[in-house]
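Take a look at the letters that make up each chain.
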Amino acid sequence: MNRVNRFNRYNEKIRLRRRFFHESGHHYKSHDSDDRVSVSCTCIKVQRLCSFSRITLKLSTIRGTASSAAMRLVQFCHRGGEGSVKVGVEQAEGQGVIDLKAFDPSMPSTMREFLEMGQKGMDCAKRALSSGQHVVSRSDIRLLSPVTGPEKVVCVGMNYKDHCLEQNAPIPSEPIIFSKFPSTITGPYDDIILPEESQEVDWEVELAFVIGRKGKHIKEEEAFSYVAGFTVANDVSARDWQMKRNGKQWLLGKTFDTFCPLGPALVTSEALKDVHNLGIRCLVNGAAVQDSNTNQLIFHIEKLVAWVSQFVTLCPGDVFLTGTPPGVGVFRNPPVFLKRGDVVECQIDEIGSIRNTVV
């Protein structure tokens, strides 16, 4: 089989070279006896052209993402039918949603299953968006978190330069990784439940991204091809449990139920001009408490994917929270924490906003 493949590749090279010389008017000479081709110096141009084509193809693969189309993917349920989860694609931010399962009955009902389909699912979503069919009104549905039940929720601490400055903390030399349990995830407009066990619950607006295909030991230059899209997160944090109790391990302070609102959509890379240059804000009761830009990120998306994939296999649906900018309540003077009735709104340019009431 290898000999056949080499023979086919050789014939393809000959065909391309003959075509080039025919179109350019140059002489072509072949010595088939030893499977070598002797041509004029113009052959160098052909080789350079082929090499350039291979490099271009490789770069396009690296720069491509797991989505390869500008879309806003959502999970939703019909009002009154909260038990039935569906995957859809928004016509535009805040507009109608195309029901993918209504468009194609072979489509799954959850985003995680949809992402596990790979390019087949993305191609279907792209066709559905182009068709403009099976549109449901936003008033008839309830948006859920764009991903539910992921295998992992990976979080990054101290990942904004300006957030380190507000704490007088050194810039980390490598990513600081922790996690939240997947049970923390709640929808973009659902309530945040204030636990009786904590008196110091705080806000943290964050850029989040979702893994689109399985990978381990991923190279930085290929990392974006593993990202399905981006969304807005609030890494709600119980500072007393994070900083004073549980041996100052962060997990318990980060992982109370409803402590990870996500949404409103999973926005593919192609829909964003530059994910590392987006305005990011948090408002509490309408007053801005955080206002920065993702250009302050210390470790970019590529680095985070490559770094974490050294330790664990990344799977479709895995959620990454990339860190928060300055302005959190615990570092204010005096500290400010959330109370029942507060409304927290997290915004990221080009992605959208989530709005959650504390109860």
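Just so it is clear, the structure is predicted and the values come from calculations on it, not from any experiment.

S.K.: Lay out the packing of aromatic side chains in plain terms, naming residues and giving numbers.
M.R.: Taken as a whole and assessed by the stated rule, the structure comprises six aromatic pairs. Note on Phe 178 and Trp 250: the rings are 5.0 Å apart at their centroids and 75° apart in plane angle, and the pair reads as edge-to-face. In this pair, Phe 178 sits in strand S9 (residues 176–179) while Trp 250 sits in the loop between helix H7 (239–243) and helix H8 (251–254), placing the two residues 72 residues apart along the sequence. Relative accessible area serves as the criterion here: at 12%, Phe 178 is assigned to the buried category. Their ring planes at 50° and their centres at 6.4 Å tell us that Phe 224 and Phe 230 sit as a pair that is tilted. Put simply, the rings of Phe 209, Phe 224, Phe 230 and Phe 320 touch in pairs and so form one group of aromatic residues. Note that Arg 213 overlies the ring of Tyr 226, its terminal NZ or CZ placed 3.8 Å from the centroid.

S.K.: Now, about the nonpolar core: what can you tell me, with residues and values included?
M.R.: Counting residues in each nonpolar core, the largest one holds 57 residues, and the members touching the most others are Phe 209, Phe 230, Ile 301, Val 305 and Ile 351. With five residues, the single largest contributor to this core is helix H9 (residues 301–308). Once residues within four sequence positions are removed from consideration, Phe 230 is found in contact with Leu 207, Ala 208, Phe 209, Phe 224, Ala 265, Leu 266, Val 267, Ser 269, Leu 272, Val 275, Ile 301 and Ile 351. With 29 residues, the next largest nonpolar core counts Ala 69, Ala 208, Ala 233 and Leu 266 among its residues.

S.K.: I'd like a description of the sheet that holds strand S20 (residues 352–357), backed by residues and values.
M.R.: The four strands lie next to each other as S17-S16-S19-S20, forming an open sheet whose pairing is antiparallel. This sheet does not close on itself; its edge strands, each paired only once, are strand S17 (287–293) and S20. Across this sheet, the average inter-strand angle for adjacent strands is 10°, counted without regard to direction. By the bridge criterion, five bridges tie strand S16 (residues 279–284) to strand S19 (residues 343–348) in an arrangement that is antiparallel. Within the sheet, the bridge partner assigned to Ile 280 lies in S19 and is Ile 348.

S.K.: Describe the confidence of the model for the protein chain, and please don't skip the residues or the numbers.
M.R.: In this model, the protein chain carries a mean pLDDT of 86, and residues with pLDDT of at least 70 account for 81%. Within the model, the stretch residues 19–65 combines pLDDT values under 50 with 44 contacts to residues more than four positions away or in other chains.

S.K.: Just give me the short version of unusual backbone geometry, but keep the residues and values in it.
M.R.: For the peptide bond that leads from Gly 263 to Pro 264, omega is -5°, which places it in the cis range. Considering the arrangement of structural elements, one finds Pro 264 in strand S15 (residues 260–267). Cis geometry marks the peptide bond from Asn 333 to Pro 334, where omega comes out at 0°. As for its position among the elements, Pro 334 is in the loop between strand S18 (319–321) and S19. Located in the positive-phi region is Asn 246, a residue other than glycine, with phi close to 55°. Tracing the chain through its elements places Asn 246 in the loop between H7 and H8. Asn 246 sits in the partly exposed class, given a relative accessible area of 35%. One non-glycine residue with positive phi stands out, namely Lys 248, at about 60°. Inspection of the secondary structure assignment puts Lys 248 in the loop between H7 and H8.

Conventions used here
Every residue gets a number counted from 1 within its own chain, in the order that chain's sequence is written. Under the rules for a predicted model, residues below a pLDDT of 70 receive no local features and side-chain atom pairs below 80 are neither given nor counted, while totals for whole chains, interfaces and linings still include all residues. Hydrogens and water molecules were not included; the side-chain quantities draw on all heavy atoms of the structure. The aromatic pairing rule takes the rings of Phe, Tyr and Trp, using the six-membered ring of Trp, and pairs them if the centres are within 6.5 Å, calling planes under 30 degrees apart stacked, those over 60 edge-to-face and the rest tilted. By the criteria applied, helices consist of DSSP H or I runs no shorter than four residues and strands consist of E runs no shorter than two, each listed in order from the N terminus. Partly exposed describes any residue whose relative accessible area lies between the buried limit of under 20% and the exposed limit of over 50%, with all areas from a 1.4 Å probe on protein chains only and scaled to the type maximum. For a Lys NZ or an Arg CZ to count as sitting over a ring, it must be within 6 Å of the ring centre and within 35 degrees of the ring normal. For the purposes of this section, nonpolar cores are sets of buried Ala, Val, Leu, Ile, Met, Phe, Trp, Tyr and Cys residues that join through side-chain atoms within 4.5 Å. Two residues qualify as a contact provided that any one of their heavy atoms is within 4.5 Å of a heavy atom in the partner residue. Two strands are counted as paired when DSSP detects at least two bridges linking them. Orientation is described by lines fitted to C-alpha atoms, with helices fitted over the stretch in contact, and by angles between N-to-C directions that extend from 0 to 180 degrees. You can read pLDDT as the predictor saying how much it trusts each residue, on a scale of 0 to 100.

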